[in-house]
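Remarks on the overall topology
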Number of protein chains: 2
Amino acid sequence: MSKPEDRPDHVTAAILVIGDEILSGRTKDRNVGHIADVLTAVGIDLREVRIVADVTEDIVAAVDALRRRYTYLFTTGGIGPTHDDITADAIAAAFGVPIDVDERALALMRPHYERRGLPLTPSRLRMARLPKGSELIENSISAAPGFRLENVVVLAGVPSVMQVMLDAVLPSLKTGRRMLSQAIDVNVPEGDIADLFAAHQSAYPDVSMGSYPSFSATGLRCQLVLRSTEPARLEEASASLRETLAGLGYLAAP
Amino acid sequence: MSKPEDRPDHVTAAILVIGDEILSGRTKDRNVGHIADVLTAVGIDLREVRIVADVTEDIVAAVDALRRRYTYLFTTGGIGPTHDDITADAIAAAFGVPIDVDERALALMRPHYERRGLPLTPSRLRMARLPKGSELIENSISAAPGFRLENVVVLAGVPSVMQVMLDAVLPSLKTGRRMLSQAIDVNVPEGDIADLFAAHQSAYPDVSMGSYPSFSATGLRCQLVLRSTEPARLEEASASLRETLAGLGYLAAP
């Protein structure tokens, strides 16, 4: 049984969160959890996340490392109109391509701003600057688009805007075999089941297994999560583990 | 005026979050935001965060890169009793030191487990295994300690346990000049103030300035955040920006 990450059709991803405000604690990131959920649902295996400051060299270094290692790299943040929004320039630098105002982006933004009586100031025009070769990603909330350059998908940092951009770009991405999971709630602390759980993992090396402790009113408990892209194999591993735990009286009441 | 990161007494940090459950979306990370707040409050400059899976090579590579680049590296997750808890072994591998059951850790754990009538199974003993040369970090909740090896601080993944460990280790760390901040709420979208804000940043290159958009009932607004370790300089930059914005009628009602 091969591990999912060894399959030739395995699709992987990383996220790069860009923003001083996350590192200072001012803003609590909510994008990683959302993107993780969405990617898992479509069979894209999120392997790594990085958060870096609004510093060009740091962004370029991370983009360079991550885009070579994974099928896709998603970035969030730093595509607004102010001087600290440097993501598009950093992406252009990472790819070694020029960046300039894109007429397609302008065409999307102009009617949105006209309707609201807002002038297209030089700083707003910054949001229409895209690295050469980019495809636009629609922003149904505030018009200024995200973009995709090769395998790098550049999204906004504001969660609502990020989410509509992600929905817009998703159908154009290669997706993989969906990772399925089963969770088993156990009524004893994980130290009590760790040995049998490790033996079970050894018996099913192609099914990924993790244990997550929790504190309940009745004391320490844990949840065992089994994951696989193969429904039959996942069912077999889960059923046999459930049977073992039931025999020991360790299954939590449903 | 020098930038804070150029000072010799500047203290930096990175966080490495370890866990498949964060990357799959099953668990939403709450530790990064908390650690960011705590570090900012004591003048440690968080520069980078990475999240990696429960894969030894990935953990070792990240530990190796981050511990050399920053004053401190904080890790969270992967120090429980089950087979997917591989952080301590990965840290030992990254440092090239042996790992074994530590008598000091055992001495902390034994009374805790005895009081609860829980046997110290081989898997629970895994939590007493520490890389050679580690200092223990007290865990006032569930006894199994965190540890520190040189500049790497290894914390639990369960938020409540991580927090008591962080509180326990903090007094032993070198701290820096506290980063102070002032926030200015503006009643227009950031596109309207981006040009004057960029000019203000150029006038005060030693004060870090960011703009964060928000949607309110009355439309688009934004918050400008100025940050510096120098109280007088921060006050000067903030007062002069407030004056400019007030003159334009752009200050939001308090």
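Placed above this text is the structure.
Okay, so let's go over this structure. (Residues numbered from 1 in each chain as written. Chains lettered and ligands numbered in written order. Predicted model: local features only at pLDDT ≥ 70, side-chain atom pairs only at ≥ 80, totals over all residues. Heavy atoms only, no water.)

The subject of this paragraph is the overall build of chain A. Scanning chain A from N- to C-terminus turns up nine helices and eleven strands. Dimensions of chain A along its principal axes, counting C-alpha atoms only, are 70 × 40 × 35 Å. Scored against the burial criterion, the 254 residues of chain A give a buried share of 54%. Restricting to contacts in chain A with at least 6 residues of sequence separation, those with at least 24 account for 69%. Here chain A displays about 10,700 Å² of accessible surface, and carbon together with sulfur accounts for 52% of that area. Between the mean site of the 26 positive side-chain charges and the mean site of the 33 negative ones, chain A shows a separation of 4 Å. (Helix = DSSP H or I, 4+ residues; strand = E, 2+ residues; numbered from the N terminus. Buried < 20%, exposed > 50% of the residue type's maximum accessible area, 1.4 Å probe, protein only. Contact = heavy atoms within 4.5 Å. Areas by Shrake-Rupley, 256 points an atom, 1.4 Å probe, with all protein chains shown as cover. Lys, Arg positive; Asp, Glu negative; His and termini not counted. Charge placed at Lys NZ, Arg CZ, Asp CG, Glu CD.)

All names here are of chain A. Taken as a whole and assessed by the stated rule, the structure comprises 24 salt bridges over all chains. Its salt-bridge partner being arginine 69, residue glutamate 48 comes within 3.5 Å of it at the nearest N-O pair. You can see glutamate 48 sitting in strand 2 (residues 45–52) and its partner arginine 69 sitting in helix 3 (residues 56–69), a full 21 residues away along the chain. Classification of glutamate 48 by relative accessible area gives buried; the value is 5%. Judged by relative accessible area, arginine 69 falls into the partly exposed class, the value being 49%. (Salt bridge = Lys/Arg side-chain N within 4 Å of Asp/Glu carboxyl O.)

Turning to the pairing of strand 3 (residues 72–76) of chain B, a few remarks are in order. Residue and element names in this part refer to chain B. Among the five residues of strand 3, five are classified as buried, and the element is accordingly described as predominantly covered. Covered by surrounding structure in strand 3 are Tyr72, Phe74 and Thr76 together with Leu73 and Thr75, the residues of both alternating faces. Where strand 3 meets strand 8 (residues 152–155), four bridges bridge the pair, whose relative direction is parallel. Looking at the pairing, threonine 76 lines up with leucine 155 of strand 8. (Pairing = 2+ DSSP bridges.)

Before going further, it helps to spend a moment on a nonpolar patch on the surface. Taken together, the side chains of Ile141 of chain A together with Phe215 and Leu220 of chain B make up a nonpolar region of the molecular surface, amounting to roughly 240 Å² of accessible area. Mapped onto the fold, isoleucine 141 of chain A is located in the loop between strand 6 (135–137) and strand 7 (146–149). What makes isoleucine 141 of chain A partly exposed here is its relative accessible area of 33%. (Patch = residues over 30% accessible without salt bridge, like charges linked within 9 Å, V, L, I, M, F, W, Y side chains within 5 Å.)

Another point: the nonpolar core. Core analysis: the largest hydrophobic core is formed by 119 residues, its most contacted members being Leu16 and Phe74 of chain A together with Leu16, Phe74 and Leu166 of chain B. Beyond its immediate stretch of four places on either side in the chain, leucine 16 of chain B contacts Arg50, Val52, Ile59, Ala62, Val63, Leu66, Leu73, Phe74, Thr75 and Thr76 of chain B. (Core = buried A, V, L, I, M, F, W, Y, C linked by side-chain atoms within 4.5 Å.)

Accessible area lost upon the coming together of the parts serves often as the stated size of an interface. The interface of chain A with chain B comprises 57 residues on the first partner and 57 residues on the second. Buried area between chain A and chain B, summed over both chains or domains, comes out near 4,400 Å², and the portion from carbon and sulfur atoms is 55%. Counting across the interface, chain A meets chain B through four salt bridges. Among the ionic pairs, arginine 124 of chain B bridges to aspartate 192 of chain A, the shortest N-O distance being 2.7 Å. The biggest single contributor to the side of chain A that touches chain B is helix 8 (residues 190–203) of chain A, with nine residues. The residue inventory of the side of chain A that touches chain B, partitioned by class, reads 26 nonpolar, 16 polar and 15 charged. The pairing of strand 2 of chain A with strand 2 (residues 45–52) of chain B spans five bridges and is antiparallel. Of the residues in strand 2 of chain B, the one forming a bridge with valine 52 of chain A is glutamate 48 of chain B. (Buried area = accessible area lost by both parts, 1.4 Å probe. Nonpolar A, V, L, I, M, F, W, Y, C, P; charged D, E, K, R; others polar.)

Let us look at empty space enclosed by the protein. A water-sized probe, rolled over the atoms, reveals where empty space remains. All names here are of chain B. Considering all chains together, one arrives at three cavities of 30 Å³ or more under this definition. Approximately 120 Å³ is the volume attributed to the largest cavity. Secondary-structure elements contributing two or more residues to the lining of the largest cavity are helix 4 (87–95) and strand 5 (129–131). Of the residues belonging to the lining of the largest cavity, the class tally is seven nonpolar, three polar and four charged. (1 Å grid on protein atoms, 1.4 Å probe; cavity = no way out; pocket = protein on both sides within 12 Å on 5 of 7 lines; lining within 4 Å. Points joined across faces, edges and corners; volume = space filled by probe spheres on them.)

Here two copies of a chain appear, and what relates them is a rotation about an axis with a shift along it. Of the transformation placing chain A onto chain B, the axial shift is 0.0 Å and the rotation is 180°, giving an RMSD of 0.0 Å. Such values leave the two copies arranged in the relation of a two-fold axis. Considering only C-alpha atoms, the residue of chain A closest to the rotation axis is arginine 50 of chain A, which sits at 2.2 Å. Comparing contact sets, 100% of the residues at the interface of chain A also lie at the interface in chain B, consistent with an isologous, same-surface contact. (Least-squares fit on C-alpha atoms with pLDDT ≥ 70 in both.)

Once that is clear, we can look at the sheet that holds strand 2 of chain A. Pairing is mixed in the open sheet, where twelve strands are placed in the order 6(A)-7(A)-8(A)-3(A)-1(A)-2(A)-2(B)-1(B)-3(B)-8(B)-7(B)-6(B). The open sheet is flanked by strand 6 of chain A together with strand 6 (135–137) of chain B, the only strands paired with a single partner. Here the strands of the sheet are splayed against their neighbours by 20° on average, with no regard to which way each runs. As judged from the five bridges shared by strand 1 (residues 12–18) of chain A and strand 3 (residues 72–76) of chain A, these two strands associate in the parallel manner. Bridging across to strand 3 of chain A, leucine 16 of chain A finds its partner in threonine 75 of chain A. (Axes fitted to C-alpha atoms, helices over the stretch in contact; angles between N-to-C directions.)

All names here are of chain B. Read across the sheet, three strands follow the order 9-11-10 without closing on themselves; strand pairing throughout is antiparallel. Each edge of the open sheet is held by one strand with a lone partner, namely strand 9 (180–186) and strand 10 (208–216). The mean angle between the axes of side-by-side strands here comes to 20°, regardless of whether they run parallel or antiparallel. Those strands touched by helix 8 (residues 190–203) are strand 9, strand 10 and strand 11 (219–228), and its axis lies near 170° from that of strand 10.

It is worth spelling out helix 9 (residues 231–247) of chain B at this point. Note: α-helices contain 3.6 residues per turn, so residues at a spacing of three or four share the same orientation. Residue and element names in this part refer to chain B. End to end, helix 9 covers 24 Å across 17 residues, agreeing with the expected 24 Å (1.5 Å per residue, within 8%). Every buried residue of helix 9 is accounted for by Arg233, Leu234, Ala237, Ser238, Leu241 and Leu245. In an axial view of helix 9, the angular spread of the buried residues amounts to 120°, which keeps them on one side of the axis. Set apart from the buried face of helix 9 by more than 90 degrees, the exposed residues are Pro231, Ala232, Glu243 and Gly247. Packing partners of the buried residues in helix 9 comprise strand 9, helix 8, strand 10 and strand 11. Looking one or two residues beyond helix 9, the residue adopting positive phi is glycine 249, at roughly 75°. (Expected span 1.5 Å × (residues − 1). Arc of directions from axis to C-beta.)

For the rest of this paragraph, the subject is the side chain of glutamine 223 of chain A. In this fold, glutamine 223 of chain A is placed in strand 11 (residues 219–228). Reaching out from glutamine 223 of chain A, the side chain makes a polar contact with the side chain of aspartate 185 of chain A at a distance of 3.1 Å. One polar contact links glutamine 223 of chain A to arginine 26 of chain B, side chain to side chain, over a distance of 2.5 Å. Excluding anything up to four places from it in sequence, glutamine 223 of chain A contacts Ala183, Ile184, Asp185, Gly210, Ser211 and Tyr212 of chain A together with Arg26 of chain B. (Polar contact = N/O pair within 3.5 Å; in protein donor to acceptor, adjacent residues only side chain to side chain.)

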